[in-house]
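Notes for the structure review
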Amino acid sequence: AVVSTQSGHYGRELSGPLKVLPVNSDFEVDACAIHCLPSQPPVLAIASLSGVLQHFALLCSDESEDESLYLLETVEIELPPSSAETPSEDGSSSSHDNDDGVIVTIVPDTGSRDRYFLRHNTGIHSIYLPAVQRLEQFVKDDSGDLNLECNCVAEHLICIQPLGSGDPTCLFGSVVVSDALLGNNIMVLISNAELVTLPLRPLYRGTAPLLADEATKLADVGGSPLKHIQKEVFSNKVQKILSRTTSNPLLRCGSSGDMSQKAILELLMKCTQVFREEYVSKQNKARHELLHRMSILQELNSQNKSGLSEVTATISSLEQENASLQRRTSAVSKRRQSLCHRVTVLMRDLQALLPHLTTAEESFALEVHELSRDMKPLQQDADRLRQKLKFYDKATTDIPIISSNQQRNVKAMLKENDTRINSLVKEIKSAQIKLKT
C-alpha cells in the first residue's frame, strides 16, 4: 500500500503495511475504495463492499516515530443489492470484483477538506467528518484536550433505484464542478441519459435560523427572567427539537409503466413517513413548546403590567410630593430673603443712631487718653512716696525722748568733734599747699 500525503510535515509517501490502532479494532472487511482527505494530520476513509466506512487518522505512535492508523469511527451506509453493472471510470478508486456487494467509489469534494462523496450504482451519499476540523485545530493550537466524540454526518443526496432491484436504471458517473459564479455543484449522469445537477452546500445542512433570533438578542440585553428558571437557551432548545437526522434524497427512476401501483404506494408512504417524523412531528412539538413559552411569557407580562401600574402610581404620588416640596421650598426661600432684608435695614438704622465726634473732640479725647497714660507712672511714684512717709512717721514715733543733761553732753561732744574736724581740715589744706609748692 502506498499513501501519498502532501500537507504540512506529512509531505512524503508512506509505503508498506501500516499498523492499525487500537489493535482489537475490526479491520477484516472487504475494502473496495480508499481516500485521503487533505487535512493535517491526514485522515483516511476506507469503504467496503457492504457499505461500511472506516475513518482513520495518520499519527505518530507513542512507542516509535513510525506512523500508524488510529481508528476514529465506523459508519454503516445502507446500500441496495447489486442489480446492474456500472462501467468503470479512469482514476476512480472502486472494486471490479463485486459478486457479493455493490461497487462503491469515493469521490473527493474539491471545495471542502472534511467532506467526500460515496458513489455506487444506485445513488450518492455525502459524508461530512467534524473530527477533521477538531484535529486541525488541536494541531494548530497545541493546547487543551482533544475531543473526537463526534459522529460523522451522512446525507443521501440522490437515489436512482427507489423501488428496488426491479428498476434497471443505474448511475453511470459523477463529478464535482467548481465555478466562481455558480459555486460547487455535483453533476450525475444516469443510464437514461439524464444529467442531474445538485448544488453543494458548504457543509451538511444545519438548523434553520429562528425568525425571533434578533428579537431574542435585543430582549436578552435587559436580561430575561426565564434565564433563572431555564438554564438552556430557548432558541437552542427549539433548534434541537427541529434538528433532523433523516432526509429524503432526490429520487430518480425509470419509466412509470415499469412500476407497480403497490411499489409506488410503498415509496410514497415511506417518503410521507419521513416527512411526518422529521418535519410535521417535530414542528408540532416545537409548536407546543412555543405555546408553553407564550403562556409563561403572557403570565409574566400580566405580572409586569400590574407591577408597572403600581410603579406608575408610586411615581405620580412622588411627583405630587415633589411639587409640594418645591412650593414649600420656594416659600421658605422668599421668607429668608425678606428676613435678610429686614436685618439689613435694622443694622443700617442702628449704625445711624451711633454718636459722631467732631475733629476737636476727637483731638481732645486723644490728649485725654495720652494724659491718662502718662499719669499711670506718676501715680505709681506718688504711691511709693506715701508709703515712704508712712514708714518715716512710724520710725520717728518709735525713737525714745532724752533728758536735758544728755542733750548738753551730746551737744558738747558734737561741738568738740566739730572743733577737731575743723582743725583736721585746716591741717589737710596746709599739707596740700605744701605739697603743691
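Keep in mind it's a predicted model, so treat the numbers as computed, not measured. (Residues numbered from 1 in each chain as written. Predicted model: local features only at pLDDT ≥ 70, side-chain atom pairs only at ≥ 80, totals over all residues. Heavy atoms only, no water.)

On a plain count of helices and strands, the chain comes out with 6 helices and 15 strands. Within the chain, buried positions represent 26% of all 437 residues. Counting only contacts in the chain whose residues sit at least 6 apart along the sequence, the fraction spanning at least 24 positions is 55%. (Helix = DSSP H or I, 4+ residues; strand = E, 2+ residues; numbered from the N terminus. Buried < 20%, exposed > 50% of the residue type's maximum accessible area, 1.4 Å probe, protein only. Contact = heavy atoms within 4.5 Å.)

A word on the nonpolar core. Side chains of nonpolar character tend, in soluble globular proteins, to be buried together. By size, the foremost hydrophobic cluster in this structure holds 21 residues, and its most contacted members are Leu53, Tyr116 and Leu129. Taken together, the elements giving at least two residues each to this core come down to strand S4 (31-37), strand S5 (43-48), strand S6 (52-60), strand S8 (104-108), strand S9 (115-120) and helix H1 (130-141). Leave out the neighbours within four places in its chain, and leucine 129 touches Leu37, Val43, His55, Glu73, Asp114, Tyr116 and Cys152. (Core = buried A, V, L, I, M, F, W, Y, C linked by side-chain atoms within 4.5 Å.)

End to end, H1 covers 17 Å across 12 residues, agreeing with the expected 16 Å (1.5 Å per residue, within 8%). Looking only at H1, the buried set comprises Pro130, Ala131, Val132 and Leu135. Against S4, S5, S6, strand S7 (67-76) and strand S10 (123-128) lie the buried residues of H1. (Expected span 1.5 Å × (residues − 1).)

Before going further, it helps to examine the side chain of serine 174. Inspection of the secondary structure assignment puts serine 174 in strand S12 (residues 171-179). Judged by relative accessible area, serine 174 falls into the buried class, the value being 12%. In terms of polar contacts, serine 174 uses its side chain to reach the side chain of arginine 119, at 3.0 Å. (Polar contact = N/O pair within 3.5 Å; in protein donor to acceptor, adjacent residues only side chain to side chain.)

Right, let's get into the sheet that holds S10. Here 5 strands make up an open sheet; going across it, the order is S8-S9-S10-S11-S15 and the pairing mixed. Two strands in the sheet have a free side with no partner beyond their single neighbour: S8 and strand S15 (250-251). The pairing of S9 with S10 spans 6 bridges and is classified as antiparallel. Each bridged residue has a counterpart across the sheet, and for arginine 115 the counterpart in S10 is tyrosine 128. (Pairing = 2+ DSSP bridges.)

For the structure shown, the criterion picks out 5 salt bridges. Between arginine 384 and aspartate 381 there is a salt bridge whose closest N-O contact spans 2.0 Å. Of this pair, arginine 384 and aspartate 381 both sit in helix H5 (residues 359-397), 3 residues apart, which is roughly one turn of that helix. (Salt bridge = Lys/Arg side-chain N within 4 Å of Asp/Glu carboxyl O.)

All right, on to the packing of helix H3 (residues 234-242) against helix H4 (residues 261-353) then. Look at H3 against H4: their axes get within 8 Å of each other, and the N-to-C directions meet at 160°. Relative to H4, the element H3 lies roughly antiparallel. You can see that H3 and H4 cross each other, and the crossing is right-handed. Contacts from Phe234, Lys237, Val238, Ile241 and Leu242 in H3 reach Lys282, Gln283, Lys285, Ala286, Glu289, Leu290 and Arg293 in H4. Of the residues belonging to the contact of H3 with H4, the class tally is 6 nonpolar, 1 polar and 5 charged. (Axes fitted to C-alpha atoms, helices over the stretch in contact; angles between N-to-C directions. Parallel < 35°, antiparallel > 145°, perpendicular 65-115°, else oblique. Left-handed = near helix turned anticlockwise from the far one by under 90°. Nonpolar A, V, L, I, M, F, W, Y, C, P; charged D, E, K, R; others polar.)

We now examine the sheet that holds S12. Strand order across the open sheet formed by 3 strands is S12-S13-S14, with antiparallel pairing between neighbours. At either margin of the open sheet sits one strand with a lone partner, and together these are S12 and strand S14 (195-199). Between one strand axis and the next, the sheet turns by 20° as a mean value, whatever way the strands run. Both S12 and strand S13 (residues 183-190) contribute to a ladder of 8 bridges, which runs antiparallel. Considered in S13, the bridge of aspartate 179 is made with glycine 183.

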